[in-house]
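Each chain, letter by letter, is given below.
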Amino acid sequence: MLSKEEAYDLVDHILSEAEGYTARVLVMSEAEGLTRYANSGIHQNVFEDTTRITITISGEDRRSRVSTTTCDREGLRAAVADAIENLEYLPHGEKQPPPVRGVAPISLDRYDEDLERAFDVHQRADHLKRAFGSLADGYRAYGQLSHAENRISFGNSAGVRHFARSNGVKLSSLIASDAGGSGYAAETSERAGEADIPAAFSRAYEKARLNRDQEEIEPGRHTVILEPLAVGNILAFMSFIGFSAKAVQNQLSFLTGREDEQVFDERITIVDDHTDENTASLPFDFEGYPRQKLTLVDSGISRDFAYDAATAEADGVPSTGHSVDMPQRGAIPLHLVMEAGDTSTEEMIADTEDGLLVTRFHYMNVVNPREAQLTGLTRDGVFRIRDGEIDGAVKNMRFTDSVLRALNSVAAISSERQRTPGFFGNFYVPAMKIEDFHFTGKTDA
Amino acid sequence: MKERLSAVLADLSQSGVEYADIRVHDIVEEAISTENREVQDLSTSRSYGYGIRVFADGALGFAASQEFDRIGETAERAVEIARATRPVQRKPVQLDRKEAIVDHYSTPIEIDPFEIPREEKLQLLFAAEERMHESATLLRTEGNMNFRREEKIFADTDGSYITQLLYESGGGISAYAASEGDMQQRSYPSSFRGNHATAGYEFVRDLYLVENAARTAEEAAALIEAEECPSGYFDVVIDSSQLTLQIHESVGHPVELDRVMGYEAGMAGESFLDPGMIDFQYGSEHVNIVADATIPGGLGTFGYDDEGVPAQRVDIVREGRFRNFLTSRDTAPEVGQISNGTSRADGWGRIPIVRMTNINLLPGDASFAELIGGIECGLYLQSNKSWSIDDRRLNFQFACEIAYEIREGQLTGKIFKNPIYTGITPEFWRSCDAVGDESQWQMFGTPNCGKGEPMQVAHVGHGSSPSRFRHVKVGVSDVE
């Protein structure tokens, strides 16, 4: 992997090759060791070390992009020449936003050497061997344990330079019973000593143990308590289809025309905050803009949207620093944090006469973006709540419901929150109790 | 390169590994997207590197890098990973037997897509977008083209040395119409960036994007005025542009043997099938499905998979009965077979896993008029808009761009917006009572099939004719 100095040297070289043009360079490196396991044994164990350089060259009213993994001088010269050639082919079009300039260099190094040592290929095998041994007969483990180091360097022809380095560990653990039924837990950590593998396995195992002899219930409207993983699943889609300025400009967002309106229950506040210690910070975006904190939903009122340079130019506002270098998609908030409520999950269960406790969702997708209508299936544990107590497991079901409707039927939000997997880093979200959640199908899965 | 790879493989053999292979991929891609007659993106990318897979003491290790001057270190890392794996395996990996092959395969193409000036490609998309805007009041139009050239080398300790040169070309257009509170889209020839094939630029030329632009635009605008699709149980004819995803999700994935063995349980899920279900009644007698990596033009067509196994055509479902899984060298021995050549990686950095090739529903004998004519009251569904299926591939739900009303055996001309249909995989395929004939048979390429950890995106194909299914659940608004 390239050090900060080597990466900056490479950026300088590329920019000198592109002299006379407005240019920016993004160098993204990742070294990931990932151990997959199934049936309580390792079946795939891999390591990949890759560096990808993306060069964007802009004229006044056109832009081209080249990316390459060939980092030698000859390869980079060819890539720059290709980008310039592409630019010359392009017809004149929309005015291009100017490059970011005049911002202070950002340099963030959160790399933790102890974390890497604690989760190298041998340690990962040892962690898993111990975890498999902790399971009772008749239960098997499936999932992955990985360690990845990421380095991102940015430079442009206006003299801006940024660098960020971090590493992290991810665990997913699905425990399945030979008699049917499963449980799931996920863990992410950026610091040695934080990741508690036995505890995660224990949570998944306890779920699997409870998730047996599932009752089949009929679809329809049910009160649900969505655990944080399920809330994180929903928030990811909301971010993708709703909180992007591009989605609003294209009238695809469910918030189109509803800016500054009360769209959700007043207990819903969602921010995008890369400085929150639970989200794994990426302090600048892929166009070099410092990442701003966004209040996406403020007490149920739609407020901020995520902008990259192009969508900001279109709306005549500054970029918020949320480019993911996908011009067709626009900007996407990556570090979602949802405000906690004042009820514990236990209290939510105790206050529920008849409802369902949902662990997480599987294979969600957007049915109708303008109505925020999503579909997906429950997975790895749905439990019936009767008279304030968990009263057995329920077979998986499909929901099809509008988030706009669901988040206006909030009965409670949990006081405790949990990190859940996001697009680039984590979300940090509570559990939620929602009335009349619309289940539309059932399955034997 | 051959000598260099041979030297690394010889060192690995001498170090005591039972088997090793090296794949070198050099992938060049070009992506063009336009929006409202402006260039949204014009980008090219190159990905060049290698992956080394090692079996030592019955365990697998894999390491990949783009630094060719450190290939020896990468090989050592792969061995170290395999040896770290061994104590935590359930049992040693068994690879099936295969022959050593020295060969070259190239995608047959007429026109190298990278030789066509980008200006010409852009002008084609602009012309199609112009035609869409002339034809209807639209919020937005989009055009896309994607091209890919992949040079691959596969070398192993058995003596195989296979080179391949694979080309892909594809494109499509979309029209979006909006009113207050509603947005509708139509796409041609398919949604999600159009259609893709292993072919040259002739494939994009023959899509006739401009000639199909007006109808696409007019239907998008008409959908804004259309009624919501009713909910209930209907007989439906499903067009190939949607049947592609239906085959993909409810046949292609469940027949992957690695899913059956639990290898994907922690991520994408498993399958409702198990090895004892050969001859299971998967569908009606009209349903004949093959995995065919040899068919010209299919997006899942190649010469050899990424374990050096030749491309094959295999029965998956014959006359409704389940016949075979998709297998790799490490999974096939679990069912007493040898690989049927479906193990592929999405690039040099990832390990090959079981992937679909071209999973094709073979044509039946019904004309389109006969398909429609057999329905008293139903719907003809086109173009996928959304998909979802459970982790054992049973409960599926699809949204389509448009539904055409069928009454008394005729298309009435009325259309509905936001059609959704849902079902359970075997029940659905058993309800198929007619498959369209060969004249209607069409292949669609799916360039975005995700699976595995780290995530891999495979390019696969599906051929089908429009087909008829009885008593299908449409819509969800009536579920109370």
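Residues numbered from 1 in each chain as written. Chains lettered and ligands numbered in written order. Predicted model: local features only at pLDDT ≥ 70, side-chain atom pairs only at ≥ 80, totals over all residues. Heavy atoms only, no water.

## Comments concerning the packing of aromatic side chains
The line we're drawing: The criterion for an aromatic pair is that two Phe, Tyr or Trp rings (for Trp, the six-membered ring) have centres within 6.5 Å, with stacked assigned to planes under 30 degrees apart, edge-to-face to planes over 60 apart and tilted to the rest. Each helix is a run of H or I in the DSSP string that is no shorter than four residues. Each strand is a run of E no shorter than two, and both are numbered from the N terminus. Burial here depends on accessible area, computed with a 1.4 Å probe over protein chains only, as a share of the maximum for the residue type. Under 20% is buried, over 50% is exposed, and the range in between is partly exposed. Whether a charge sits over a ring comes down to the Lys NZ or Arg CZ being within 6 Å of the ring centre and within 35 degrees of the ring normal.
This structure, assessed with the given rule, holds 30 aromatic pairs over all chains. Taking 5.1 Å as the distance between ring centres and 80° as the angle between the ring planes, the aromatic pair formed by Phe396(B) and Phe428(B) counts as edge-to-face. Of the two residues, Phe396(B) sits in strand β18 (residues 395–407) while Phe428(B) sits in helix α9 (residues 425–430), which places them 32 residues apart along the sequence. Owing to a relative accessible area of 0%, Phe396(B) belongs among the buried residues under this scheme. On the basis of relative accessibility, which here comes to 4%, the residue Phe428(B) falls in the buried class. One aromatic cluster in this structure is built from Phe396(B), Phe398(B), Tyr421(B), Phe428(B), Trp429(B) and Phe469(B). We note Arg165(A) situated over the ring of Tyr111(A); from NZ or CZ to the ring centre the distance is 3.8 Å. Just above the ring of Tyr19(B) sits the side chain of Arg329(B); from NZ or CZ to the centre is 5.1 Å.

## Describing the state of the cysteines
All names here are of chain B. As a reminder of what qualifies: Counting rule for disulfides: a pair of cysteine sulfur atoms within 2.5 Å.
Taken as a whole, this structure holds zero disulfides over all chains when the rule is applied. Cys 377 takes part in no disulfide bond, and the closest cysteine sulfur, belonging to Cys 229, lies 11 Å away. By relative accessible area, Cys 377 is classed as partly exposed at 31%.

## Digging into a negative patch on the surface
For clarity, the threshold we go by: A patch is a set of surface residues, each over 30% in relative accessible area and not in a salt bridge, joined within 9 Å for like charges and within 5 Å for the nonpolar side chains Val, Leu, Ile, Met, Phe, Trp and Tyr. Shrake-Rupley sampling with a 1.4 Å probe provides the accessible areas, and residues are treated as covered by the protein chains on show and by no other component. Each reported salt bridge corresponds to a side-chain nitrogen of Lys or Arg within 4 Å of a carboxyl oxygen of Asp or Glu. Charge assignment in this entry is limited to Lys and Arg as positive and Asp and Glu as negative, and neither His nor the chain termini are counted. For this purpose, a charge sits on NZ of Lys, CZ of Arg, CG of Asp or CD of Glu.
Side chains of Asp342(A), Glu346(A), Glu347(A), Asp351(A) and Glu416(A) sit close together on the surface and give a patch of like negative charge. Among the secondary structure elements, Asp342(A) is positioned in the loop between β12 (336–338) and α9 (345–350).

## Notes on the sheet that holds strand β16 (residues 359–361) of chain B
What links the strands of a sheet is backbone hydrogen bonding, and the strands pair in either a parallel or an antiparallel sense. Residues and elements named next belong to chain B. Formally: Think of it this way: DSSP has to see at least two bridges between two strands before they count as a pair. Between two residues, a contact is recorded if the distance between any of their heavy atoms is within 4.5 Å. Note on definitions: angles span 0 to 180 degrees between N-to-C directions of axes, and those axes are lines fitted to C-alpha atoms, for helices only across the stretch in contact.
Here four strands make up an open sheet; going across it, the order is β13-β12-β11-β16 and the pairing antiparallel. If you trace the sheet from one side to the other, it starts and ends with β13 (321–322) and β16, each paired once. Alignment of strand β12 (residues 313–318) against β13, held across two bridges, turns out to be antiparallel. Paired with Val 317 across the two strands is Phe 322, which belongs to β13. Packing of helix α6 (residues 240–252) onto the sheet brings it into contact with β11 (289–292), β12 and β16, and relative to β16 it is tilted by some 115°.

## Some remarks on the interface of chain B and chain A
By a widely used convention, the size of an interface equals the accessible area lost when the partners come together. To keep things clear, this is the line we draw: Defined in terms of a 1.4 Å probe, buried area is the accessible area two parts forfeit on being brought together, summed over both. All amino acids are sorted into three groups, where Ala, Val, Leu, Ile, Met, Phe, Trp, Tyr, Cys and Pro are nonpolar, Asp, Glu, Lys and Arg are charged, and the leftover types, Gly among them, are polar.
Each partner contributes residues to the interface: chain B has 82 residues there, and chain A has 78 residues. Between chain B and chain A, a total of about 6600 Å² is buried, with carbon and sulfur atoms accounting for 48% of that surface. Counting the contacts that link chain B with chain A gives seven salt bridges. With its nearest N and O atoms 3.4 Å apart, the salt bridge here joins Lys246(A) to Glu35(B). The greatest single-element share of the side of chain B that touches chain A, amounting to 11 residues, is contributed by strand β2 (residues 38–56) of chain B. Among the residues forming the side of chain B that touches chain A, the class breakdown is 35 nonpolar, 24 polar and 23 charged.

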